[in-house]
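Chain residues, written in single-letter form:
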Amino acid sequence: MLFRQRYIGLIDRYKDRLPVHDDTRIISLGEGNTPLIRLNNIPALLQKDVDIYIKYEGLNPTGSFKDRGMTMAVTKAVEEGSKAIICASTGNTSASAAAYASRAGITAFVLIPEGKIALGKLAQAMMHGAVVLQIRGNFDAGMQLVKEVAEHTPVTIVNSINPYRLQGQKTAAFEILEELGASPDYHCIPVGNAGNITAHWMGYSEYHKNGIVNTRPVMVGYQAAGSAPFLRGAMVENPETVATAIRIGHPQSWDKAWNVQKDSSGWFDECTDKVILDAQKMLAEKEGIFCEPASATSLAGAMQDIKTGKIPEGSKIVCTLTGHGLKDPDTAIKQSGGEGSLITIDATLDSVRSAIMDHY
Ligand code: AN7
């Protein structure tokens, strides 16, 4: 018999680099260890000599990068005796919190903006048994409420203002460095609350400081144009974008993200909803990779900067795809022409044959 060591999860894998003890009860669903996929076709379409890698975080257990942070946050909440967790969410955090809470046997309270979360995420939060509080307000209003309520109520906040979240999420950078054997030149990432860009920089910096790698990437954060406080240089009051995951006007890691920008000599930029959706479709059609709209912002932004030469030829670029495409089936179907564009035929051999000949 041939055995491979069982992969349990990122806390188990990076125990010595995370704030856990030998006897900590780890709450895990086998998160992390996601594929780093080299794009085959898109660089050629851009007619640029660039090496683009996709870190496919949509393949985490609940379909987003949030699981990296949630395994840590829930593990620590349980260790500290917490019986309930709470978060405000544009969707993915609520799905992840709901799953890890049920795994731990504690309660998850999630505040979501009414009508503005993708269907798959809502299904997850409900299915895992979270107490779903739909608010007549946006994410930023929900976040404010969560902070206030947690001051007087015995619930642990598991939004990325919980420092254990970033500790877990820094492991994505570890995996990239270990797989490439060196730092990429650029790391492109969607920015909402800016927790993930902060966590990645922590991870890169840790391996750099320990002498495991000699360089760190330039960090580039992309926002949706209607929800781009880092571009405006100020909070945005009524953020709007098709990429509902990053429909955030008051980023919680504002100062931290500006420090990442300065320390890495990076920048922020914005993408229109059209450019985001085009990139999402392109990834699905040309590379076989399905991500949700917010995730495609990283590649959309990278392509903009590759075209202008701001990201020069010869660069090795990693783009994080934060969430799976199945999270938001409505947007996917709509932008593929809608259900009305499906070819409906009689269940006969002739009809199938002629449909094949029409589309061969
Ligand atoms: C797919 O779930 O904030 O910059 O409440 O779901 O670390 O906030 C989601 C954020 C990017 C932005 N891509 O990450 C939530 C939530 C996807 C996301 C982001 C989110 P941060």
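Definitions and cut-offs
- Residues numbered from 1 in each chain as written.
- Predicted model: local features only at pLDDT ≥ 70, side-chain atom pairs only at ≥ 80, totals over all residues.
- Heavy atoms only, no water.
- Pairing = 2+ DSSP bridges.
- Helix = DSSP H or I, 4+ residues; strand = E, 2+ residues; numbered from the N terminus.
- Core = buried A, V, L, I, M, F, W, Y, C linked by side-chain atoms within 4.5 Å.
- Buried < 20%, exposed > 50% of the residue type's maximum accessible area, 1.4 Å probe, protein only.
- Contact = heavy atoms within 4.5 Å.
- Axes fitted to C-alpha atoms, helices over the stretch in contact; angles between N-to-C directions.
- Parallel < 35°, antiparallel > 145°, perpendicular 65-115°, else oblique.
- Left-handed = near helix turned anticlockwise from the far one by under 90°.
- Nonpolar A, V, L, I, M, F, W, Y, C, P; charged D, E, K, R; others polar.
- Near = heavy atom within 4 Å.
- Polar contact = N/O pair within 3.5 Å; in protein donor to acceptor, adjacent residues only side chain to side chain.
- Areas by Shrake-Rupley, 256 points an atom, 1.4 Å probe, with all protein chains shown as cover.
- 1 Å grid on protein atoms, 1.4 Å probe; cavity = no way out; pocket = protein on both sides within 12 Å on 5 of 7 lines; lining within 4 Å.
- Points joined across faces, edges and corners; volume = space filled by probe spheres on them.
- Domains from an automatic or database assignment.
- Buried area = accessible area lost by both parts, 1.4 Å probe.
- Disulfide = S-S within 2.5 Å.
- Phe/Tyr/Trp six-rings, centres within 6.5 Å; stacked < 30°, edge-to-face > 60°.

Draft legend 1. The arrangement of the sheet that holds strand β3 (residues 84–88) in detail. The strand order across the open sheet formed by four strands is β5-β4-β3-β6, and the pairing between neighbours is parallel. Sheet topology places β5 (131–135) and β6 (156–157) at the edges, where each strand pairs with a single neighbour. Two elements, strand β4 (residues 107–113) and β5, share five bridges in a ladder whose sense is parallel. For F109, the partnering residue across the bridge sits in β5 and is V131.

Draft legend 2. A look at the environment of K334. Assignment of secondary structure puts K334 in helix α14 (residues 329–335). Residues K334 and A118, 216 residues apart in the sequence, show an inter-C-alpha distance of 13 Å.

Draft legend 3. Highlighting the nonpolar core. Counting 34 residues, the largest nonpolar core has I52, L283 and I317 as the members making the most contacts within it. Broken down by element, the residue count for this core peaks at seven residues, all from helix α13 (residues 293–308). With residues up to four places along the chain from it excluded, the contact list for L283 reads L39, I42, I54, G288, I289, C291, L299 and L321. By size, the runner-up hydrophobic cluster in this structure holds 28 residues, among which are L18, V191, W254 and A257.

Draft legend 4. Structural view of the side chain of T62. Assignment of secondary structure puts T62 in the loop between β2 (51–56) and α3 (66–79). Here T62 falls in the buried class, since its relative accessible area comes to 6%. When residues no more than four places from it in sequence are discounted, the contact partners of T62 are D67, A95, S96, A99, Y100, Q124 and K327.

Draft legend 5. Quick peek at the packing of helix α4 (residues 92–104) against helix α5 (residues 119–127). Remark: α4 packs on α5, axes separated minimally by 8 Å, with the N-to-C direction vectors making an angle of 25 degrees. Accordingly, the angle class assigned to the pair α4 and α5 is roughly parallel. α4 and α5 meet at a crossing whose hand is left-handed. Touching N92, S94, A95 and A98 of α4 are K121, Q124 and A125, all from α5. By residue class, the composition of the contact of α4 with α5 is three nonpolar, three polar and one charged.

Draft legend 6. View of the site of the ligand. Lining the immediate environment of the ligand, one finds 23 residues, of which N92, T93, N193, A194 and T322 sit closest. The separation between an oxygen atom of the ligand and a polar main-chain atom of T90 is 2.8 Å. Here an oxygen atom of the ligand and a backbone polar atom of N196 are 2.8 Å apart. Taking 470 Å² as the accessible area of the ligand by itself, protein coverage stands at 99%.

Draft legend 7. Region of the structure containing empty space enclosed by the protein. Enumeration according to the criterion identifies one cavity of 30 Å³ or more in this entry. Estimated volume of the largest cavity: approximately 300 Å³. In terms of lining, the largest cavity is formed by 26 residues, of which the most central are F65, K66, G192, N193 and A245. Among the elements of the structure, α4, α7 (163–169) and α9 (195–209) are those that each provide at least two residues to the lining of the largest cavity. For the lining of the largest cavity, the element with the most residues is α9, which contributes three residues. Tallied by class, residues from the lining of the largest cavity come to eleven nonpolar, twelve polar and three charged.

Draft legend 8. Main features of the domain arrangement of the chain. The assigned domain composition of the chain is domain 1 (10–63 + 165–335) and domain 2 (66–162). Placing the centre of domain 1 and that of domain 2 at their C-alpha centroids yields a distance of 22 Å. With 47 residues of domain 1 at the contact, the number on the domain 2 side is 38 residues. Around 3,500 Å² of area is buried between domain 1 and domain 2 when both sides are counted, 51% of it from carbon and sulfur atoms.

Draft legend 9. Broad picture of the layout of surface pockets. In this structure, the largest pocket occupies an estimated 270 Å³ of space. Together, 15 residues line the largest pocket, and G115, I117, A118, L119 and D330 are the ones closest to its centre. For the lining of the largest pocket, the element with the highest residue contribution is α14, accounting for three residues. Split by residue class, the lining of the largest pocket holds seven nonpolar, four polar and four charged. For the lining of the largest pocket, the domains that each give at least three residues are domain 1 (10–63 + 165–335) and domain 2 (66–162).

Draft legend 10. Just the state of the cysteines, in detail. All told, the structure shown has zero disulfides when counted by the stated rule. Here C188 is not cross-linked by a disulfide; its sulfur's nearest cysteine counterpart is in C319, at 4.6 Å. Here C271 is not disulfide-linked; the sulfur of C188 is the nearest cysteine sulfur, at 9.8 Å.

Draft legend 11. Broad picture of the packing of aromatic side chains. For the coordinates displayed, the defined rule picks out eight aromatic pairs. Look at F230 and F268: their rings are 4.5 Å apart centre to centre, the planes differ by 25 degrees, and that puts the pair in the stacked class. On the criterion of sequence distance, the pair formed by F230 in helix α10 (residues 229–232) and F268 in strand β9 (residues 267–271) is long-range, its members being 38 residues apart. Across the pair, F268 and F230 agree in class, each one buried. Here the aromatic rings of W254 and W258 are separated by 5.7 Å at their centres, their planes lie at 85 degrees, and the arrangement is edge-to-face. In this pair, W254 and W258 both sit in helix α11 (residues 254–263), four residues apart, roughly one turn of the helix. Under the relative-accessibility criterion, W254 is labelled buried at 17%. Each member of the aromatic cluster is reached from another via a ring pair, and the members are F230, W254, W258 and F268.

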